[in-house]
Amino acid sequence: MQGFEREQQRLRQQLPQAINNQLSIAQTQLNHLQKALESNNPKFKSKTGFAQLSQNAKVIDIESLSVGDAFEVQSDAVVIKAKVTHKESI
């Protein structure tokens, strides 16, 4: 029985550190996810010169637009309704 009790005591001593390690890993993952979310938020992108394009309330790529399409351009402060009048590949 003494071997079992020693093993149980050892595990009890290791448990707080194991929990802290798991919490640290989860916090790091959460921080990465938060940064990814913020990097895709048009409110933060506009500070670096980016805006979000949407059409029918869905975020779109500029390449998906065709001449005549109506769309919206959104920054943190303004929404502009626009229409494609010309499209040229570069």
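Everything quoted here is computed from the prediction, not taken from an experiment.

A. Seen up close, the nonpolar core. In this structure, Leu53, Ile60, Leu65, Phe71 and Val84 together form the largest nonpolar core, which totals 5 residues. Each residue touching Ile60, except ones within four places of it in the same chain, is listed here: Leu53, Ser54, Gln55, Leu65 and Phe71.

B. Focus on unusual backbone geometry. Here the phi dihedral of Asn56 falls at roughly 55°; this positive angle occurs in a residue that is not glycine. Looking at where Asn56 falls in the secondary structure, it is placed in the loop between β1 (52-55) and β2 (58-59). Assessed through its relative accessible area of 72%, Asn56 is described here as exposed. At Ala57, a residue that is not glycine, the phi angle is positive and equals roughly 65°.

C. Quick peek at the sheet that holds strand β3 (residues 70-74). Pairing within the open sheet is antiparallel, and its 4 strands lie in the order β2-β1-β3-β4. Edge positions in the sheet fall to β2 and β4 (79-83), since each of these pairs with one other strand and no more. Pairing of β1 with β2 involves 2 bridges; the strand directions are antiparallel. Looking at the pairing, Gln55 lines up with Lys58 of β2.

D. Quick look at the side chain of Ser75. Position of Ser75 relative to the elements: it lies in the loop between β3 and β4. Looking at Ser75, the relative accessible area reads 18%, which means it is buried. There is a polar contact of 3.2 Å between the side chain of Ser75 and the backbone nitrogen of Ala77.

E. Structural detail: the pattern of salt bridges. Scanning the entire structure with this criterion turns up 2 salt bridges. For the salt bridge of Lys81 with Glu72, the shortest nitrogen-to-oxygen distance reads 2.5 Å. A relative accessible area of 65% places Lys81 in the exposed class.

F. Spatial organisation of a nonpolar patch on the surface. A cluster of nonpolar side chains, namely Leu15, Ile19 and Leu23, defines an oily patch on the protein surface of about 290 Å² accessible area. You can see Leu23 is positioned in helix α1 (residues 2-39).

G. Examining the environment of Asn41 more closely. With respect to the helices, strands and loops of the structure, Asn41 is situated in the loop between α1 and α2 (42-45). A relative accessible area of 26% means that Asn41 is categorised as partly exposed. Remark: the alpha-carbon pair of Asn41 and Gly3, spanning 38 residues in sequence, is separated by 56 Å.

H. Looking closely at the layout of surface pockets. Of the voids in this model, the largest pocket is the one considered here, and its volume is about 240 Å³. As for the largest pocket, its lining consists of Ile62, Glu63, Leu65, Phe71, Val84, His86, Lys87, Glu88, Ser89 and Ile90. Residue composition of the lining of the largest pocket, by class: 5 nonpolar, 2 polar and 3 charged.

About the cut-offs
- Residues numbered from 1 in each chain as written.
- Predicted model: local features only at pLDDT ≥ 70, side-chain atom pairs only at ≥ 80, totals over all residues.
- Heavy atoms only, no water.
- Core = buried A, V, L, I, M, F, W, Y, C linked by side-chain atoms within 4.5 Å.
- Buried < 20%, exposed > 50% of the residue type's maximum accessible area, 1.4 Å probe, protein only.
- Contact = heavy atoms within 4.5 Å.
- Helix = DSSP H or I, 4+ residues; strand = E, 2+ residues; numbered from the N terminus.
- Pairing = 2+ DSSP bridges.
- Polar contact = N/O pair within 3.5 Å; in protein donor to acceptor, adjacent residues only side chain to side chain.
- Salt bridge = Lys/Arg side-chain N within 4 Å of Asp/Glu carboxyl O.
- Patch = residues over 30% accessible without salt bridge, like charges linked within 9 Å, V, L, I, M, F, W, Y side chains within 5 Å.
- Areas by Shrake-Rupley, 256 points an atom, 1.4 Å probe, with all protein chains shown as cover.
- 1 Å grid on protein atoms, 1.4 Å probe; cavity = no way out; pocket = protein on both sides within 12 Å on 5 of 7 lines; lining within 4 Å.
- Points joined across faces, edges and corners; volume = space filled by probe spheres on them.
- Nonpolar A, V, L, I, M, F, W, Y, C, P; charged D, E, K, R; others polar.

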